[in-house]
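The residues making up each chain are set out below.
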Amino acid sequence: MQLRARLAGACAALLAATCAAAPVEDVPFVTTPDNVTLAMLTIAKVTPDDYVIDLGSGDGRIVITAAKRFGARGLGVEIVPELVERSRAAAAQMGVGSRAHFREQDLLKTDLSPANVITMYLLPDVNLQLRPRLLQLRPGTRVVSHDWDMGDWEPDKTVTLDVPDKPVGLEKKSKVHLWIVPARVEGLWCGVGKWKGKQLAVAQSYQKFRAELTEADGTRGFEGKVESNIMRSKAGVTITAESTSLKATYTSGKYSALRNATFARARGTNCK
Ligand SMILES: C[S@@+](CC[C@H](N)C(=O)[O-])C[C@H]1O[C@@H](n2cnc3c(N)ncnc32)[C@H](O)[C@@H]1O
């Protein structure tokens, strides 16, 4: 009896070790058809200066196409070892082995910071898990997703394509969504130099912002869109977000006097 109990314990431990070592796919392997791959890389305006990371790279087609057709460099991260091997072989065969790299890695643990383009064909809940990390990327980073959106982070652009050879779904169509990571401008900003005494309180929801400008004679507000690191408002103010400051780079009408006004992030809860 004692021996049986010990054997059962040993078997359970072995099973647990095997399970822990096996790759766990958060998304099944389904390929993005070629016309959708091209649309994803085109909507992201991929150039030879770009570094593309495909999260869950399958057979490597997106990174290989980015290298072959758009001249970019890229990395595919994939949890299934055979797919990584297959991708490396395909990249070598297509003559882009030096620019298209593949790594066996969990996409949820991948450093995304080297990318200026991220591509994904995952699932809605995985997109949502990635969303906070995508929003921390450099302003201007393009994120492209095949079919699935990002919850209440609305895409900057969506196109719908006919995909007669789509391997899944009844409707033979695909959506391609593009997001451009906005600068993080939320918070209180204090005028510096000759602008001391003015303050800008900015509320932000993804690409949308509302700013309240307070000067000696009162407060007025304007709203608009954060496009990469540029805050554009139809009210006649364009503000450029630099690494540690906001600068009014274009002003007109009632905001004319604000031209070149520079604001630094408040150190505390006010500008004193
Ligand atoms: C729908 S397929 C997309 C493949 C490829 N990106 C394409 O568009 O053709 C998703 C891929 O993600 C991989 N995958 C799933 N979970 C993963 C994880 N946690 N880390 C890395 N890859 C994963 C799957 O093995 C599969 O190859």
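All figures in this text were calculated on a predicted structure; none of them were measured in a lab. (Residues numbered from 1 in each chain as written. Predicted model: local features only at pLDDT ≥ 70, side-chain atom pairs only at ≥ 80, totals over all residues.)

**Student:** Describe the overall build of the protein chain, and please don't skip the residues or the numbers.
**Tutor:** Each helix and strand counted, the protein chain has five helices and 15 strands in total. Here the protein chain has a C-alpha radius of gyration of 24 Å; the compact-globule value for 272 residues is 19 Å, and the former is much larger. In terms of overall dimensions, the protein chain has a C-alpha envelope of 85 × 55 × 40 Å along the principal axes. A buried classification covers 32% of the 272 residues belonging to the protein chain. Excluding contacts between residues fewer than 6 apart, the proportion of contacts in the protein chain whose partners are at least 24 apart in sequence is 54%. (Helix = DSSP H or I, 4+ residues; strand = E, 2+ residues; numbered from the N terminus. Rg over C-alpha atoms; globule rule 2.2 N^0.38 Å. Buried ≥ 20, exposed ≤ 12 C-beta atoms within 10 Å, placed from the backbone. Contact = placed C-beta atoms within 7 Å.)

**Student:** Please provide a residue-by-residue account of the nonpolar core, values included.
**Tutor:** With 35 residues, the main nonpolar core has Met40, Val52, Val63, Ala66 and Ile118 as its most contacted residues. Breaking this core down by element, the ones donating at least two residues are helix 2 (34-43), strand 1 (51-55), helix 3 (61-70), strand 2 (73-78), strand 4 (117-120), helix 5 (124-135), strand 5 (142-146) and strand 7 (173-180). The element contributing the most residues to this core is helix 3, with five residues. Here Ile118 is in contact with Ile53, Leu55, Leu112, Leu134, Thr141 and Val143, once residues within four sequence places are set aside. Core analysis: the second largest hydrophobic core is formed by 20 residues, Val185, Cys190, Ala248 and Cys271 among them. (Core = buried A, V, L, I, M, F, W, Y, C linked by C-beta atoms within 7 Å.)

**Student:** If you had to explain the site of the ligand to someone new, which residues and values would you point to?
**Tutor:** Taken together, 23 residues lie near the ligand, and Thr32, Gly56, Gly58, Ile79 and Tyr121 sit nearest. For the shell around the ligand, the secondary structure elements donating two or more residues are helix 3 and strand 2. Grouping the constituent residues of the shell around the ligand by class yields 11 nonpolar, six polar and six charged. (Near = placed C-beta within 6 Å. Nonpolar A, V, L, I, M, F, W, Y, C, P; charged D, E, K, R; others polar.)

**Student:** Mind laying out the domain arrangement of the protein chain, listing which residues take part and the relevant values?
**Tutor:** The extent of an interface is frequently quoted as the accessible surface area lost upon association of the parts. Taken as a whole, the protein chain is organised into domain 1 (34-180) and domain 2 (187-265). If you look at the interface, domain 1 gives six residues, while domain 2 gives six residues. Partitioned by chemical class, the residues of the side of domain 1 that touches domain 2 number three nonpolar, one polar and two charged. (Domains from an automatic or database assignment.)

**Student:** Tell me about the packing of helix 2 against helix 3, residues and numbers included.
**Tutor:** Relative orientation of the contacting elements helix 2 and helix 3 amounts to 65°, with a least axis distance of 10 Å. The hand of the helix 2/helix 3 crossing is right-handed. The segment helix 2 lies against helix 3, with Thr37, Leu38, Met40 and Leu41 engaging Arg61, Ile62, Thr65, Ala66 and Phe70. Residue composition of the contact of helix 2 with helix 3, by class: six nonpolar, two polar and one charged. (Axes fitted to C-alpha atoms, helices over the stretch in contact; angles between N-to-C directions. Left-handed = near helix turned anticlockwise from the far one by under 90°.)

**Student:** Describe the environment of Gly140, with residues and values.
**Tutor:** As for its placement among the helices and strands, Gly140 is situated in the loop between helix 5 and strand 5. For the pair formed by Gly140 and Asn116, sequence separation is 24 residues and the distance between their alpha carbons is 7.5 Å. Not counting chain neighbours up to four residues away, the residues in contact with Gly140 comprise Ile180, Val181, Ser228 and Asn229.

**Student:** Go over helix 5 with me, naming the residues and quoting the values.
**Tutor:** Between its terminal C-alpha atoms helix 5 stretches 16 Å, which fits the 16 Å expected from 12 residues at 1.5 Å a residue. Considered for burial, the residues of helix 5 that qualify are Asn127, Leu130 and Leu134. For helix 5, the buried positions fall inside an angular range of 75° around the axis, keeping them on one side. Turned more than 90 degrees away from the buried face of helix 5 sit Asp125 and Pro132, all of them exposed. (Expected span 1.5 Å × (residues − 1). Arc of directions from axis to C-beta.)

**Student:** Describe the pairing of strand 8 (residues 187-191), naming the residues involved and giving the relevant values.
**Tutor:** A regular strand places its side chains so that they alternate between the two faces of the sheet. Sheet analysis places strand 8 next to strand 9 (residues 199-205), joined by four bridges and oriented antiparallel. By the bridge assignment, Leu188 is partnered in strand 9 with Ala201. Direction of pairing for strand 8 relative to strand 15 (residues 262-265): antiparallel, over a ladder of three bridges. What sits directly across from Gly191, in strand 15, is Phe263. (Pairing = 2+ DSSP bridges.)

**Student:** Provide a residue-level description of the sheet that holds strand 2, including the pertinent values.
**Tutor:** Across the sheet, which stays open at both edges, the seven strands sit in the order 3-2-1-4-5-7-6 with mixed pairing between neighbours. Strands with a single pairing partner mark the edges of an open sheet, and in this sheet they are strand 3 (100-104) and strand 6 (157-162). Shown here is a sheet whose adjacent strand axes are inclined to one another by a mean of 20°, direction ignored. By the bridge criterion, five bridges tie strand 2 to strand 3 in an arrangement that is parallel. By the bridge assignment for strand 3, Val77 is matched with Arg103. Packing against the sheet, helix 3 makes contact with strand 1, strand 2, strand 3 and strand 4, and its axis sits at approximately 175° to strand 2.

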